[in-house]
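# Structural overview
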Amino acid sequence: MGRSLTEARLDWIAQRASSAWRVVNAQNAASLALHRSLGFEEVARAAQLGTVVFSGGSGLLLSKDLAPSRSAAKTQV
């Protein structure tokens, strides 16, 4: 169910933005595995990301490019 909800969220975001961002606790192995399998990449790691403070560990800022690739864009023309 988590994958389905995340994919639906990514579809929604892709209609509005060219990238998606996610903050996750570095100890949350299930969330990290899911987001990495969907193409998210680590951008930053810290005990605090913006106003989010991770007690007892660090957080990860993940990003995924949602813009269509150039080859996909050419195929659609």
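Just so it is clear, the model here is predicted, and its values are computed rather than measured.

### Description of the nonpolar core
- Leu10, Ile13, Ala20, Val24, Leu32, Leu34, Leu38, Phe40, Leu60, Leu62 and Leu66 form the largest nonpolar core, which has eleven residues in total.
- Those elements that provide at least two residues to this core are helix H1 (2–14), strand E1 (19–25), helix H2 (29–37) and strand E5 (59–65).
- Residue contacts for leucine 66: discarding those within four places in its chain leaves Leu10, Ile13, Ala14, Ala17, Ser18, Ser19 and Ala20.

### Quick notes on the pattern of salt bridges
- Enumeration over the complete set of coordinates arrives at three salt bridges.
- Two residues, arginine 3 and glutamate 7, come together in a salt bridge whose shortest N-O distance is 3.5 Å. Of the two residues, arginine 3 and glutamate 7 are both situated in helix H1; the distance of four residues between them amounts to about one turn of the helix.
- With relative accessibility at 37%, the residue arginine 3 sits in the partly exposed group.
- Residues joined in a network through salt bridges with shared partners are Arg36, Glu42 and Arg45.

### Observations concerning the sheet that holds E1
- The strand order across the open sheet built from three strands is E1-E5-E2, with neighbouring strands paired in antiparallel fashion. Each of the sheet's edge strands pairs with one partner strand only, and the pair in question is E1 and strand E2 (41–46). Geometrically, the sheet is characterised by an average inter-axis angle of 20° between neighbouring strands, direction not taken into account.
- One ladder, built from five bridges, connects E2 with E5; its direction is antiparallel. For alanine 46, the partnering residue across the bridge sits in E5 and is glycine 59.
- Sitting on the sheet, H2 is in contact with E1, E2 and E5, with an inclination near 160° to E1.

### Structural notes on the side chain of histidine 35
- With respect to the helices and strands, the residue histidine 35 is situated in helix H2.
- Exposure remark for histidine 35: the relative accessible area of 2% places this residue in the buried category.
- Setting aside anything within four residues of it in sequence, one finds histidine 35 in contact with Thr6, Arg9, Arg22, Phe40 and Leu62.

Conventions used here
- Residues numbered from 1 in each chain as written.
- Predicted model: local features only at pLDDT ≥ 70, side-chain atom pairs only at ≥ 80, totals over all residues.
- Heavy atoms only, no water.
- Core = buried A, V, L, I, M, F, W, Y, C linked by side-chain atoms within 4.5 Å.
- Buried < 20%, exposed > 50% of the residue type's maximum accessible area, 1.4 Å probe, protein only.
- Helix = DSSP H or I, 4+ residues; strand = E, 2+ residues; numbered from the N terminus.
- Contact = heavy atoms within 4.5 Å.
- Salt bridge = Lys/Arg side-chain N within 4 Å of Asp/Glu carboxyl O.
- Pairing = 2+ DSSP bridges.
- Axes fitted to C-alpha atoms, helices over the stretch in contact; angles between N-to-C directions.

So yeah, pure geometry; function would need other evidence.
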